[in-house]
Amino acid sequence: MKRAFNFGAGPSAIPLEVLEEAQKDLLDFQNSGISIMEASHRSKLYENVHNEAISLMRELYQIPENYEVLFLQGGASMQFAMIPLNLSKKGGKAQYVNSGSWSTKAIKEVGIQGIECEIVASSKESSHNHIPADIKFDNSADYCYVTSNNTIYGTQYKSFPSTKAPLVVDASSDIFSYLVDWDKIDLLFAGAQKNAGPSGVTIVIIKKDLLERVGDNVPTILRYKTHASNNSLFHTPPTFGIYLINLIMKWLKSKGGIDGMAKINEQKAKILYDAIDNSDGFYVGHAVKDSRSLMNVSFNIKDKNAELEAKLIQEATDNNMIGLKGHRSIGGLRASIYNAMSTEGVEALVALMQKFQKENS
Ligand SMILES: Cc1ncc(COP(=O)(O)O)c(C=O)c1O
């Protein structure tokens, strides 16, 4: 069997142990004679999986009692629309930080709904190479919004700005990679396909008091309250994806939980950033140091040498390391080192980068 080191930004690597477990279960889940994919979402067989995924997530991510865990569809992009639909008040305003392409898309959706959206800070002028400093949100905003990890530019908040207004966090590319401070967060969401499972499931963790806010004209399926009142079983949920999330929660537990994973993530990122910093300028990181992401390491080769960058990506592919091409907006390379990327994978990449530098400088 061939298994590559997958540095893709998403959908991305899933732990081998999880895939093997799913393979084992695929035809006959728990001696039921059917696959979990074939089970009714109203059956006990499926419901146990669904509820276990929620309770393990609560335990591992230390989600307080006064938050609901929802499994939705439509990707993180659907949340860009659902958030203003549900949380805005008549005549009110939302406040956003623009730290990259995904924030920009989220901001656009607020405007489409005719809701006032203030951008309180932006890193656009410097190609989103940092998280803006001194972010000042109004306590009177309907809600405030940040993208915790900027998947394309490789920047990440080290702590969230304080506000008395509800804080919404797009954690699509760093959910479950460290323990968050729930005192600061009112709604956190993520498409599952980076750190939590396969594409097709979106996780929303929302403070219960926000469920009541929704206006009269919001369609039933787009209301958080609909899904919360039905334990995310209002309609057919993405059952196989939720089953995989459950397996990933068990895998996380076996790795020492999210705190254990956070330590491994720090070590992995250090190995890669050290290689960049010790390359005498051959490799150049995109993010400024204090904004560096532990999940997505975006970098170029000196003078943005596209020819050498393509050559390195090819050599990596030849050596079983895939998904390293940087996003077209900044070019270069991007190594996504989510929870499922092993230290061994990062070490293999660094060894290749060092060899490549010797041969090409
Ligand atoms: C930070 C962030 N937000 C939102 C999205 C959009 O996710 P989806 O494709 O699930 O809509 C992505 C996708 O990469 C992302 O990285």
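Nothing here was measured: the structure is a model prediction, and the numbers come from that model.

Participant: What is the right way to read the pairing of strand S14 (residues 333–336) from this model?
Facilitator: Along any regular strand, the residues point their side chains to alternate faces of the sheet. Burial of the side chains of S14 extends over both faces: Leu333 and Ala335 are buried on one face and Arg334 and Ser336 on the other. Both strand S12 (residues 296–301) and S14 contribute to a ladder of 4 bridges, which runs antiparallel. Looking at the pairing, Val297 lines up with Ala335 of S14.

Participant: Even after reading the chapter, I still don't get the domain arrangement of the protein, so can you show me in this structure?
Facilitator: Interfaces are often sized by the accessible area lost when the parts come together. Each assigned domain of the protein is listed here: domain 1 (16–254) and domain 2 (258–360). A separation of 27 Å is found between the C-alpha centroids of domain 1 and domain 2. Taken together, the contact pairs 25 residues of domain 1 with 24 residues of domain 2. Put simply, domain 1 and domain 2 have 0 salt bridges between them. Inspection of the region where domain 1 meets domain 2 yields 14 residue pairs in polar contact (both at pLDDT 80 or more). When residues of the side of domain 1 that touches domain 2 are traced back to their parent elements, those giving at least two are strand S7 (155–156) and helix H6 (239–254). The residue makeup of the side of domain 1 that touches domain 2, split by class, is 10 nonpolar, 12 polar and 3 charged.

Participant: In this structure, what is going on with the site of the ligand? I would like to understand it.
Facilitator: Ser77, Thr151, Asp170, Gln193 and Lys194 are the nearest of the 13 residues found near the ligand. For the ligand, an oxygen atom lies 3.3 Å from a polar atom in the side chain of Trp102. Here an oxygen atom of the ligand and a side-chain polar atom of Lys194 are 2.7 Å apart. In isolation the ligand offers 400 Å² of accessible surface; the protein chains occlude 86% of this area. The greatest single-element share of the shell around the ligand, amounting to 4 residues, is contributed by helix H3 (residues 75–87).

Participant: Mind showing me how you'd approach a nonpolar patch on the surface here?
Facilitator: The grouping of Leu26, Leu27 and Met37 at the surface amounts to a nonpolar patch, some 310 Å² of accessible area in total. Here Met37 is to be found in the loop between helix H1 (16–25) and helix H2 (44–60).

Participant: What am I meant to see in the sheet that holds strand S5 (residues 143–147) here?
Facilitator: What links the strands of a sheet is backbone hydrogen bonding, and the strands pair in either a parallel or an antiparallel sense. On the basis of which strands lie adjacent, the open sheet formed by 7 strands has the order S2-S10-S9-S8-S5-S3-S4 and mixed pairing. The strands lining the two open edges of the sheet, one partner per strand, are strand S2 (67–72) and strand S4 (116–122). Geometrically, the sheet is characterised by an average inter-axis angle of 20 degrees between neighbouring strands, direction not taken into account. Packing of H2 onto the sheet brings it into contact with S2 and strand S10 (202–207), and relative to S2 it is tilted by some 135 degrees. This element, H3, spans S2, strand S3 (93–98), S5, strand S8 (167–170), strand S9 (187–191) and S10 of the sheet and lies at about 155 degrees to S9.

Participant: Please clarify how the sheet that holds strand S11 (residues 283–285) should be interpreted in this entry.
Facilitator: Across the sheet, 3 strands lie side by side as S11-S12-S14; this open sheet has antiparallel pairing. Each of the sheet's edge strands pairs with one partner strand only, and the pair in question is S11 and S14. Each strand axis lies, on average, 35 degrees off the axis of its neighbour in the sheet, ignoring direction. Two elements, S11 and S12, share 3 bridges in a ladder whose sense is antiparallel. Along S12, the bridge assignment pairs Tyr283 with Ile301. The sheet contacts of helix H8 (residues 306–318) involve S11, S12 and S14, and relative to S12 the element is tilted by about 130 degrees.

Participant: Where do I start with H3 in this structure?
Facilitator: For an α-helix, 3.6 residues make a turn, and residues three or four places apart therefore share a direction. Its 13 residues give H3 an end-to-end C-alpha distance of 18 Å, which sits within 8% of 18 Å, the value for a rise of 1.5 Å per residue. The largest bend in H3 amounts to roughly 30 degrees and is located at Ala81, with the proline Pro84 lying one to four residues further along. Of all the positions in H3, only Ala76, Gln79, Phe80, Ala81, Met82, Ile83, Pro84, Asn86 and Leu87 are classed as buried.

Participant: Please clarify how the packing of aromatic side chains should be interpreted in this entry.
Facilitator: Both the distance between ring centres and the angle between the ring planes are used here to describe each pair of aromatic rings. Under the defined criterion, the tally for this structure stands at 14 aromatic pairs. A centroid spacing of 5.8 Å and a plane angle of 70 degrees characterise the contact between Tyr96 and Tyr143, whose relative ring orientation is edge-to-face. Placement of Tyr96 in strand S3 and of Tyr143 in strand S5 is noted, with a sequence separation of 47 residues between them. Ring centres of Tyr283 and Phe299 lie 5.8 Å apart, and the angle between their planes is 85 degrees; on these two criteria the pair is classed as edge-to-face. With a gap of 16 residues between them, Tyr283 in strand S11 and Phe299 in strand S12 connect regions that are remote in the sequence. Of the two residues, Tyr283 and Phe299, both sit in the buried class. The ring of Trp102 has Lys105 sitting right over it, with the charged end atom 4.6 Å from the ring centre.

The rules behind each value
Residues numbered from 1 in each chain as written. Predicted model: local features only at pLDDT ≥ 70, side-chain atom pairs only at ≥ 80, totals over all residues. Heavy atoms only, no water. Buried < 20%, exposed > 50% of the residue type's maximum accessible area, 1.4 Å probe, protein only. Helix = DSSP H or I, 4+ residues; strand = E, 2+ residues; numbered from the N terminus. Pairing = 2+ DSSP bridges. Domains from an automatic or database assignment. Contact = heavy atoms within 4.5 Å. Salt bridge = Lys/Arg side-chain N within 4 Å of Asp/Glu carboxyl O. Polar contact = N/O pair within 3.5 Å; in protein donor to acceptor, adjacent residues only side chain to side chain. Nonpolar A, V, L, I, M, F, W, Y, C, P; charged D, E, K, R; others polar. Near = heavy atom within 4 Å. Areas by Shrake-Rupley, 256 points an atom, 1.4 Å probe, with all protein chains shown as cover. Patch = residues over 30% accessible without salt bridge, like charges linked within 9 Å, V, L, I, M, F, W, Y side chains within 5 Å. Axes fitted to C-alpha atoms, helices over the stretch in contact; angles between N-to-C directions. Expected span 1.5 Å × (residues − 1). Bend = angle between axes of the 7 residues up to and from the residue. Phe/Tyr/Trp six-rings, centres within 6.5 Å; stacked < 30°, edge-to-face > 60°. Lys NZ or Arg CZ within 6 Å of the ring centre and 35° of its normal.

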